[in-house]
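Chain residues, written in single-letter form:
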Amino acid sequence: MHPEPTVSLTILTHTRWQAPDLAPTPARPVRALARDLDITQSLDPHRHAWGQVTFALSGVLRVTTPGASWILPPLRAIWVAPEVIHSVHVLEDARLRPLGILAARAPFEGDECRVLAVSALLRELIVALGETGAGPRETLLAELILDELPGAATRPMRVPLPQDKRLGALCAALIDDPASQLTLSQWAARVGASERTLTRLFESELGMRFGHWRQQVRLAHAAPLIARGMPLSQVAGELGYASQSAFSAMFKKTFGSSPSAFFAGDSAA
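On a predicted model such as this, the values are computed, not experimentally measured, just so you know.

**So, the overall build of the protein chain**
Phase 1: Each helix and strand counted, the protein chain has nine helices and twelve strands in total.
Phase 2: Relative to a compact globule of 269 residues, whose C-alpha radius of gyration would be 18 Å, the protein chain shows 20 Å and is just as compact.
Phase 3: For the C-alpha atoms alone, the extent of the protein chain along its principal axes is close to 70 × 35 × 35 Å.
Phase 4: Expressed as a percentage of its 269 residues, the buried residues of the protein chain come to 49%.
Phase 5: When contacts within the protein chain are restricted to residue pairs at least 6 apart in sequence, long-range pairs at least 24 apart make up 71% of them.
Phase 6: Approximately 13,100 Å² of the protein chain is accessible, and the part contributed by carbon and sulfur atoms is 53%.
Phase 7: Considering the protein chain, the positive charge centre built from 26 side chains and the negative charge centre built from 25 side chains are found 6 Å apart.

Shown next as structure tokens:
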């Protein structure tokens, strides 16, 4: 028997387009890609004919589509369906290891993005695929990955984004500074809309009140901080909460468990 071909995955350190020969095909439906990017870099809005599992071995990413934004620590990935416009911002130096997946083999139906909990097995499969050339081993690894993805647990870390420019300016500012204590009335003066108008827009475009949306943003920012071991008291302070207990209570109300139990469960998984 001939040994399986191995490859040294080319790691890009720029944000230009990937070589076309790395696109998935029917013969090779899952392709491993790699970029090592620092906090100053981002991938501008783009789309492709295949789906993508955006994942980083280390670092923190913010992935944005026209309707929502997600913040991803290393234990999380996100499924981006074929033809969905998306951008990637590096919030902490990241080793990206995304997977390109042939549209015909998409593990999820529809064009909804899904946040995935990356198990130890799935992580190692992604790494192994990047070290394997075309051949039977690559085929087996690809099939295992496609089998694992539909069962990956999803977490409610989606932050919906509006279409209205005034509300969009408010939301973008809060995503950049989630600890801001400005009231909706104060934001109204800054973005050129009345408080009543902003209240209506939050309900009609985002389906929630201002306070609820701000909580979602803070939760999304909290996940990578907790995942890398920051004490909960410091996380609470970073995100504008008066105390650790206030933050923990909000977290438990949303996720059904305390922050420590939630992330301990991920580690056990």
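**Here's the deal with the pattern of salt bridges**
Phase 1: Per the stated rule, a full pass over the model turns up seven salt bridges.
Phase 2: Close ionic contact of Arg166 with Asp164 constitutes a salt bridge, the shortest N to O distance being 3.1 Å.
Phase 3: For Arg166, a relative accessible area of 33% puts it in the partly exposed group.

**What to know about the packing of helix α4 (residues 184-191) against helix α5 (residues 195-206)**
Phase 1: Two numbers describe how α4 lies on α5: the axes approach to 8 Å, and their chain directions differ by 100°. It follows that α4 is roughly perpendicular to α5 by the angle criterion. Side by side, α4 and α5 meet where Leu184, Ser185, Trp187, Ala188 and Val191 of the first sit next to Glu195, Leu198, Thr199 and Phe202 of the second.
Phase 2: Taken together, the residues of the contact of α4 with α5 break down into six nonpolar, two polar and one charged.

**A look at the sheet that holds strand β12 (residues 159-160)**
Phase 1: Taken in spatial order, the five strands of this open sheet run β3-β8-β5-β6-β12, and their pairing is antiparallel. Each end of this open sheet is capped by a strand with a single partner; those strands are β3 (42-46) and β12.
Phase 2: Relative to strand β8 (residues 86-92), β3 is paired through three bridges, and the arrangement is antiparallel. Across the sheet, residue His46 finds its bridge partner in β8, namely His86.

**Quick look at the pairing of strand β6 (residues 68-72)**
Phase 1: Burial of β6 is extensive: five of the five residues sit out of reach of the surface.
Phase 2: Alternating positions in β6 separate into two faces, Ala68, Trp70 and Leu72 on one and Ser69 and Ile71 on the other, with burial throughout.
Phase 3: As defined by bridge partners, strand β5 (residues 60-65) adjoins β6 across five bridges and the pair is classed as antiparallel. From the neighbouring strand, Arg62 faces β6, where its bridge partner is Ile71.
Phase 4: The antiparallel pairing of β5 with β6 creates a hairpin that spans two residues between the two strands.

**Some thoughts on helix α8 (residues 244-255)**
Owing to its 3.6 residues per turn, the α-helix brings residues three or four apart onto one side.
Phase 1: Its twelve residues give α8 an end-to-end C-alpha distance of 16 Å, which sits within 8% of 16 Å, the value for a rise of 1.5 Å per residue.
Phase 2: Residues Phe247, Ser248, Met250, Phe251 and Phe255 constitute the buried set of α8. Mapping the buried residues of α8 onto a view down its axis gives an arc of 165°, with all of them on the same face. When the buried face of α8 is taken as reference, the exposed residues oriented beyond 90 degrees from it are Ser245, Lys252 and Lys253.
Phase 3: Positive backbone phi, at 85°, marks Gly256, one or two positions downstream of α8.

About the cut-offs
Residues numbered from 1 in each chain as written. Predicted model: local features only at pLDDT ≥ 70, side-chain atom pairs only at ≥ 80, totals over all residues. Heavy atoms only, no water. Helix = DSSP H or I, 4+ residues; strand = E, 2+ residues; numbered from the N terminus. Rg over C-alpha atoms; globule rule 2.2 N^0.38 Å. Buried < 20%, exposed > 50% of the residue type's maximum accessible area, 1.4 Å probe, protein only. Contact = heavy atoms within 4.5 Å. Areas by Shrake-Rupley, 256 points an atom, 1.4 Å probe, with all protein chains shown as cover. Lys, Arg positive; Asp, Glu negative; His and termini not counted. Charge placed at Lys NZ, Arg CZ, Asp CG, Glu CD. Salt bridge = Lys/Arg side-chain N within 4 Å of Asp/Glu carboxyl O. Axes fitted to C-alpha atoms, helices over the stretch in contact; angles between N-to-C directions. Parallel < 35°, antiparallel > 145°, perpendicular 65-115°, else oblique. Nonpolar A, V, L, I, M, F, W, Y, C, P; charged D, E, K, R; others polar. Pairing = 2+ DSSP bridges. Expected span 1.5 Å × (residues − 1). Arc of directions from axis to C-beta.

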